[in-house]
2 protein chains.
Amino acid sequence: MKKIYFTVGPSQVYPTLYKHLNQALKINIPSLNHRGADFKELFKQTTNNLKTLLNIPESYQIFFVSSALEAMERTIMGLTEKTSFHIITGSFGKAWANFAAELGKNVLKSDLLYSKIPKETELICITQNDTSTGFWIPMEDIYNLKKKYPEKLIAIDIVSSIPYVDIDYKYIDVAFFSVQKGFGLPAGLGIMIVSPKALEKTEKLIKKGIVTGSYHSLKNLSEKAKDFQTPETPNVLSIYLLNQVIKDMLKISLKKIRENTDKKAEALYNFFDNHKKYQPFIKNHKFRSPTTLVIDVKGESERLRKKLAKKGFIIGAGYGDNKLNHLRIANFPSHTLKNVIEMLKYI
Amino acid sequence: MKKIYFTVGPSQVYPTLYKHLNQALKINIPSLNHRGADFKELFKQTTNNLKTLLNIPESYQIFFVSSALEAMERTIMGLTEKTSFHIITGSFGKAWANFAAELGKNVLKSDLLYSKIPKETELICITQNDTSTGFWIPMEDIYNLKKKYPEKLIAIDIVSSIPYVDIDYKYIDVAFFSVQKGFGLPAGLGIMIVSPKALEKTEKLIKKGIVTGSYHSLKNLSEKAKDFQTPETPNVLSIYLLNQVIKDMLKISLKKIRENTDKKAEALYNFFDNHKKYQPFIKNHKFRSPTTLVIDVKGESERLRKKLAKKGFIIGAGYGDNKLNHLRIANFPSHTLKNVIEMLKYI
């Protein structure tokens, strides 16, 4: 039976993945020298295409790392001398704050977006869409925070909202994601989008003698990226596949992909808002994630997931303590409205 | 034209790679949930098979990271409060020492294996086979060092000598490699083999308040590995492929693979020892790498590489400043004696 993965990541693969993977093998991508001209061209094309797709300013740099958790660590090490501030709406925001503490930083936290940011804050860390709760922070709210505190750096985790989330990068200093969610690729590659202001800050820290990391410090990543390379032998195959999927998305247009995502999200939320028993976990429409929906199914998660699996639909369990209470449903570009409607029939 | 990659990494892919990759897609490995039972089983099987193949003690833990350079960083952060000692035989040993300095450690260096290790040394870092020079340190010499300084931790980079190099792990505290060399897999996965003594040391550092990292600290890696998981969403596809290639190697037997490697190394060194112009860069037979040979071709590297490429043989250039002076030739399990003999015809 063909399976459709509605899990929140890894998730359903992008429909063209197999075609691109076969082509990658045909042209020997796994044997490609990461210091050679062909790799540099791949790096250049991939980052340029990503900038075009996501409307990222020319002056921002793009780094390849191994995961979004790595990006959390590199951001803290590279941009904080002493104090980071974390807005927490779920488990991933909490994890980021824990990493900062483990890295010896003074960690300030808030569960509200509208909190007062203390003066000593150097970096504000925000999980824009927390997969554990399905809590979505609208970008306007983040821009307003930056307008209120223009001297603070802002880093956002957009792991499970990209490429749907539409970002005006001039308000953002670091954004990062991994490729196994919205891009429908195998896991093992993280992407960081970094502003010139963030790179200036890391230079200042290095001059002060602060440890900002080693091979993957923001400075080392930046220097290698200027020459279209990475410090280590990277996941070249995944970079190649990402470039191909971005090109596919550019052909469809992100506008169309976003419209489709909205249609699917509407179908899903309508269904559960009108369900007599199962309800969206986030009540306030403003904060509901369109890309990773969390549904409170009152302890019936396992039963429903098994029932759906029999029909070929693989759905995510709740996160952590909510494993048995929640269903988590991804709404990524790889999912079709037809899949969504079909799947909902069995709930 | 079919190409044979004699580059030192990424290199020629393992002959069964395509078959395993197709199977991985068929069973939806890219969509596999990294917190589920199937992934835990894959983790367990892969680490058990690796322990069997390489004769690693049961009490040692195996961690999945993203690259060997990451392993260098994690080793320094996790095992050094103040001072690391580096035995340097080429550019990769030098890089490791630089990372330690960037991480704020007191870095001691030596270019000789038989140097006196200063009292304050906590960790001795050795690149057992430096790909930049083709310099090979016999394991017996490393064991002797450990016997002389049993209280010091020893970490070895075996990136380009594994699975050929035969190690008695009781003398070693950390060993690491990446999969794109001896295992013939796409790049993007690093493996760390870690002793109980190393994990005790990292616990001691944490108790003293030393920063040992965050999501990929040795402690966090160890805790997740106990439950057959990784802190982040890992490169699941690559772990799957590694397990398959290890199983293939177990069928052939590592003894046979080592014998074949010796035969190919002999053919290569015999050819160049008897060549009127091109000579092995390392003169002393004891220190000559069987797995990554560096040949001094007196400025003719580019000409020879182009000539060989026309016949389908892709050979590595020299490293760094020696780009035009050296050829670098890998001798991994993916390379056949037939390939080697055919390739040498065109030099």
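Enquirer: How should the interface of chain A and chain B be read in this particular structure?
Expert: A common measure of how large an interface is: the accessible area buried when the components associate. Counting residues at the interface gives 43 residues for chain A, matched by 43 residues for chain B. Contact with chain B buries surface across chain A, with Leu25, Ser31 and Tyr215 of chain A losing the most and accounting together for 16% of the total. Along the contact surface separating chain A from chain B lie two salt bridges. Between Arg74 of chain A and Glu73 of chain B there is a salt bridge, and its shortest N-O distance comes to 2.9 Å. Residue assignment for the side of chain A that touches chain B shows that the elements contributing at least two residues are α1 (17-26), α3 (68-79), α4 (91-102) and α8 (236-252) of chain A. A total of five residues in the side of chain A that touches chain B trace back to one element, the largest contributor, which is α3 of chain A. Residues that form the side of chain A that touches chain B fall into these classes: 20 nonpolar, 17 polar and six charged.

Enquirer: Sorry, what's going on with the domain arrangement of chain A here?
Expert: All names here are of chain A. In terms of domains, chain A is made up of domain 1 (4-12 + 253-344) and domain 2 (17-250). Computed from C-alpha coordinates alone, the two centres of domain 1 and domain 2 are separated by 26 Å. On the domain 1 side of the interface with domain 2, the three residues burying the most area are Arg258, Phe287 and Tyr319, jointly 26% of the side's total. At the boundary of domain 1 and domain 2, one finds two salt bridges. Residues Arg258 and Asp166 are paired through a salt bridge, measuring 3.6 Å at the closest nitrogen-oxygen approach. Between domain 1 and domain 2 we count 14 residue pairs in polar contact (both at pLDDT 80 or more) in total. Elements with a contribution of two residues or more to the side of domain 1 that touches domain 2: α9 (254-273) and β12 (292-296). Split into classes, the residues belonging to the side of domain 1 that touches domain 2 amount to 12 nonpolar, nine polar and five charged.

Enquirer: How should the relation of the copies chain A and chain B be read in this particular structure?
Expert: Copies of the same chain, two in number, are related to each other by a rotation about an axis and a translation along it. Screw-axis analysis of chain A against chain B gives a translation of 0.0 Å along the axis, an RMSD of 0.0 Å, and a rotation angle of 180°. What the superposition gives is, in effect, a two-fold axis relating one chain to the other. Of the C-alpha atoms belonging to chain A, the one lying closest to the rotation axis is found on Ser66 of chain A, 3.1 Å away. Comparing interface residues between copies, 100% of those in chain A also sit at the interface in chain B, which points to an isologous, same-surface contact.

Enquirer: What should I look at first to understand the nonpolar core in this one?
Expert: Formed by 183 residues in total, the largest nonpolar core has its most connected members in Phe183 of chain A together with Phe183 of chain B. Once you skip the residues sitting within four places of it in the chain, Phe183 of chain A turns out to touch Tyr14, Leu50, Leu53, Ile162, Pro163, Phe177, Leu242, Val245, Ile246 and Met249 of chain A.

Enquirer: Please explain the sheet that holds strand β5 (residues 123-127) of chain A as it appears in this structure.
Expert: Hydrogen bonds between backbone atoms are what pair the strands of a sheet, whose relative direction is either parallel or antiparallel. Residue and element names in this part refer to chain A. Reading across the sheet, the seven strands line up as β2-β10-β9-β8-β5-β3-β4 and stay open at both edges, with mixed pairing between neighbours. Each end of this open sheet is capped by a strand with a single partner; those strands are β2 (61-65) and β4 (106-110). Here the strands of the sheet are splayed against their neighbours by 20° on average, with no regard to which way each runs. For strand β9 (residues 174-178) and strand β10 (residues 190-194), the ladder comprises five bridges, and the chain directions are antiparallel. When the sheet's bridge partners are listed, Phe176 is paired in β10 with Met192. Against the sheet, helix α2 (residues 37-54) touches β2, β9 and β10, its axis set at about 115° to β2.

Scoring rules and cut-offs
- For every chain, the first residue of the written sequence is number 1, and numbering continues from 1 onward in sequence order.
- Working convention: letters from A go to chains and numbers from 1 go to ligands, in the order in which they are written.
- With pLDDT at 70 or above as the cut-off, local features in this predicted model cover only qualifying residues; side-chain atom pairs require 80 or more to be listed or tallied, and sums for whole chains, interfaces and linings still use all residues.
- Excluded from the side-chain calculations are hydrogens and water; all other atoms, namely the structure's heavy atoms, are used.
- Contacts: residue pairs with any heavy atoms within 4.5 Å of one another.
- Accessible-area loss on putting two parts together, using a 1.4 Å probe and summing over both, is the definition of buried area adopted here.
- For this analysis, a salt bridge means a side-chain nitrogen from Lys or Arg found within 4 Å of a carboxyl oxygen belonging to Asp or Glu.
- Counting from the N terminus, the helices are DSSP H or I runs at least four residues long and the strands are E runs at least two residues long.
- Amino acid classes used here: Ala, Val, Leu, Ile, Met, Phe, Trp, Tyr, Cys and Pro are nonpolar; Asp, Glu, Lys and Arg are charged; the rest, including Gly, are polar.
- What counts as a domain boundary in this text is fixed by an automatic or database domain assignment.
- What qualifies as a polar contact is a pair of N or O atoms within 3.5 Å, subject to a donor-acceptor requirement within protein and to the restriction that residues adjacent in sequence count only when both atoms come from side chains.
- Alignment of the copies relies on least squares applied to C-alpha atoms, considering only residues that score at least 70 for pLDDT in both.
- Side-chain atoms within 4.5 Å link the members of a nonpolar core, which is a set of buried Ala, Val, Leu, Ile, Met, Phe, Trp, Tyr and Cys residues.
- Relative accessibility thresholds used throughout: buried, under 20% of the residue-type maximum; exposed, over 50%; partly exposed, between the two (1.4 Å probe, protein chains only).
- Strands pair, by our definition, only if DSSP identifies at least two bridges between them.
- Helix axes use the C-alpha atoms of the stretch in contact, all axes being lines fitted to C-alpha atoms, and the angles between their N-to-C directions lie in the range 0 to 180 degrees.

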